[in-house]
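Below are the chains, spelled out letter by letter.
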Amino acid sequence: MIFPDDSKSVLQQGVQDYVAWAEDKTVDISLTEKSVPVVSVGIVGAGNMGSSIAAIFLMSGFSVFLVEQNQLLLEKGVTRIHSILRSALLRGRISEGELTEYQLSLHSVTDYLELSSCELIIEAIFEDIDVKIALFNELNRVCNEHCIIATNTSYLDINVMAEVLSLPQQLIGMHFFNPAHIMKLVEVIPTESTTETILATAISVVRRLNKTPVIVNSCFGFAGNRMYTRYGREIQQMLLEGASIEQLDIAMTDWGMAMGPLAVQDLSGIDVGYKARNSRPLPRHDPGYFRAAALMVENGRLGRKNGKGFYDYNLKGKPVPSPEAERLIHDEALALEIPQKIFSSPEIVERALMALITEGLNLYQEGIVQRISDIDVIWLKGYGFPVDKGGPMYLASQMGEKKLISLLNQLQYQAGENIWPYQDFNILA
Ligand code: NAI
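Residues numbered from 1 in each chain as written. Predicted model: local features only at pLDDT ≥ 70, side-chain atom pairs only at ≥ 80, totals over all residues. Heavy atoms only, no water.

Trainee: Where do I start with the domain arrangement of the protein chain in this structure?
Mentor: It is common to give the size of an interface as the accessible area that goes away when the parts come together. When its domains are assigned, the protein chain resolves into domain 1 (1-27 + 224-429) and domain 2 (40-215). Distance between the C-alpha centres of domain 1 and domain 2: 29 Å. Together domain 1 and domain 2 conceal approximately 1400 Å² of surface at their shared face, both sides included; 60% is due to carbon and sulfur atoms. Three residues, Val-27, Asn-225 and Lys-381, lead the burial of domain 1 against domain 2; their summed loss comes to 37% of the area buried on that side. Scanning the region where domain 1 abuts domain 2 turns up 3 residue pairs in polar contact (both at pLDDT 80 or more). If you list the elements that add at least two residues to the side of domain 1 that touches domain 2, you get α10 (224-240) and α17 (372-382). Ranked by residue count, the leading element in the side of domain 1 that touches domain 2 is α17, at 5 residues. In terms of residue class, the side of domain 1 that touches domain 2 is built from 6 nonpolar, 6 polar and 3 charged. (Domains from an automatic or database assignment. Buried area = accessible area lost by both parts, 1.4 Å probe. Polar contact = N/O pair within 3.5 Å; in protein donor to acceptor, adjacent residues only side chain to side chain. Helix = DSSP H or I, 4+ residues; strand = E, 2+ residues; numbered from the N terminus. Nonpolar A, V, L, I, M, F, W, Y, C, P; charged D, E, K, R; others polar.)

Put into structure tokens, the structure is as follows:
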């Protein structure tokens, strides 16, 4: 039984109560009492993530010091932030007075020295360990010993980063989701030496942003992206087995996911995951592993950012089916001698969900998450999982052990136990 004892009655009350309960449980409230005040926040990197992180900090009353590599990139970042603020004004979320106040609280700087008075610095620079290490060496020079240094890395080893700091205990992972001014989830990742005060302060800050913190222990991709990779592996494999791009996306959105998995890849940039996967050895037992995504990148199809990915994008930015993308995948399937089949929507959905459920169990058993319900919060708040289905682990508890075993047996029969290892679903009962 890995849902905690007090969840038993909640599980029986229904999905709405369960979701509220799970969200409330992510952090022990007594922990936040140890936090220290944060007024000024430095944000390094004003790209896609840094700009939207800066915007949400401004809209939550913090003073923000924004750093970029040069003046031109800094101005581009400031323009992005102003456009997020103006769009909040147009939607009636902030007033004219607040807009002016937030714009005045934004200080754009090109010298790291100007971060010296910040209580918290968040780095959102390129996902490259050498670039990040060079930055931490700079921060060593300018930060005071009480400053919290947070990394927004998606995949890199935060314990390696901490070792670069003169005081490794200053570092913590704060993994925001894209777009950061909208998505409610922040994975908070302590390193082996993060102090309780720093963990508590990071959590309090996330709460002040009106977001949901989930504490996650470090591993490649942390909790959310590790599950997303397992889910992605199945989606990619189904492409090679004959499902079409649109068919996969439609099956998942009709079932309730906010976006189809391949449309998501186009949105975030197919090259991002490609680089992360290639930073480690690819699994030898899985020749089709993310081959479709790799083909897109190798053929210059990076996603929305360059107008073509799994879909083509017309002049209005609308996705349209891409014969080239389909052909590349089909040719690869032939080269890999993968038998083709016709998929039904329920088959696609069950296989994708089983990937999430089994990887969720792994994460819990490895101690990456503290509670099984934390996984549901991560998927509801960060990945557009349908709220009325309660999250992948809640769903698994509703499906029941017998059904889960039967689905796993079928998948093992089709693809083997290397891809679908044995799982003890009894602990979900
Ligand atoms: P991006 O490429 O849009 O922005 C990175 C920015 O950092 C660029 O503007 C670059 O000029 C700047 N930069 C690089 N080195 C710098 C330095 N030494 N000093 C100051 N600025 C510097 O990248 P993006 O997508 O914003 O990602 C940033 C980080 O956030 C990465 O670690 C990424 O893994 C992580 N992340 C990305 C998500 C996404 O969906 N794009 C989601 C969650 C995390």
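On we go.
Trainee: Any chance you could explain the sheet that holds strand β8 (residues 212-215) here in plain terms?
Mentor: Within a sheet, each strand pairs with its neighbour through backbone hydrogen bonds, oriented either parallel or antiparallel. Reading across from one edge, β3-β2-β1-β4-β5-β6-β7-β8 is the order of the 8 strands in this open sheet, with mixed pairing throughout. Strands at the two margins of the open sheet, each flanked by one partner only, are β3 (106-109) and β8. Averaged over all neighbouring strand pairs, the angle between strand axes comes to 25°, with direction disregarded. Taken together, the 4 bridges between strand β1 (residues 40-44) and strand β4 (residues 120-123) define a ladder with parallel strand orientation. By the bridge assignment for β4, Val-41 is matched with Leu-120. (Pairing = 2+ DSSP bridges. Axes fitted to C-alpha atoms, helices over the stretch in contact; angles between N-to-C directions.)

Trainee: Can you walk me through the packing of aromatic side chains in this structure?
Mentor: The geometry of an aromatic ring pair is captured by the separation of the ring centres together with the interplanar angle, meaning the angle of the planes. Under the criterion given, the structure shown has 13 aromatic pairs. Between Phe-177 and Tyr-383 the ring centres are 5.3 Å apart and the planes differ by 75°, which places this aromatic pair in the edge-to-face class. Pair noted here: Phe-177 is in the loop between β6 (171-176) and β7 (185-190) and Tyr-383 is in the loop between α17 and α18 (392-399), with a separation of 206 residues, a long-range link. Look at Tyr-383 and you get buried, because its relative accessible area is 13%. Judged by centre distance (5.8 Å) and plane angle (15°), the ring pair of Tyr-228 and Trp-379 falls under stacked. (Phe/Tyr/Trp six-rings, centres within 6.5 Å; stacked < 30°, edge-to-face > 60°. Buried < 20%, exposed > 50% of the residue type's maximum accessible area, 1.4 Å probe, protein only.)

Trainee: Please explain the pattern of salt bridges as it appears in this structure.
Mentor: Close approach of charged atoms allows side chains with opposite charge to pair. All chains considered together, the criterion is met by 21 salt bridges. Between Lys-132 and Glu-123 there is a salt bridge, with its nearest N and O atoms 2.9 Å apart. Comparing Lys-132 with Glu-123, the two get one shared label, buried. Between Arg-327 and Asp-331 there is a salt bridge; the shortest N-O distance is 3.5 Å. Taken together, the residues Arg-327 and Asp-331, both in helix α15 (residues 323-335) and 4 residues apart, mark about one turn of the helix. Residue classification places Asp-331 among the partly exposed positions, given a relative accessible area of 37%. If you follow the salt bridges from partner to partner, you end up with Arg-230, Arg-233, Glu-234, Glu-241, Asp-286 and Arg-351 in one network. (Salt bridge = Lys/Arg side-chain N within 4 Å of Asp/Glu carboxyl O.)

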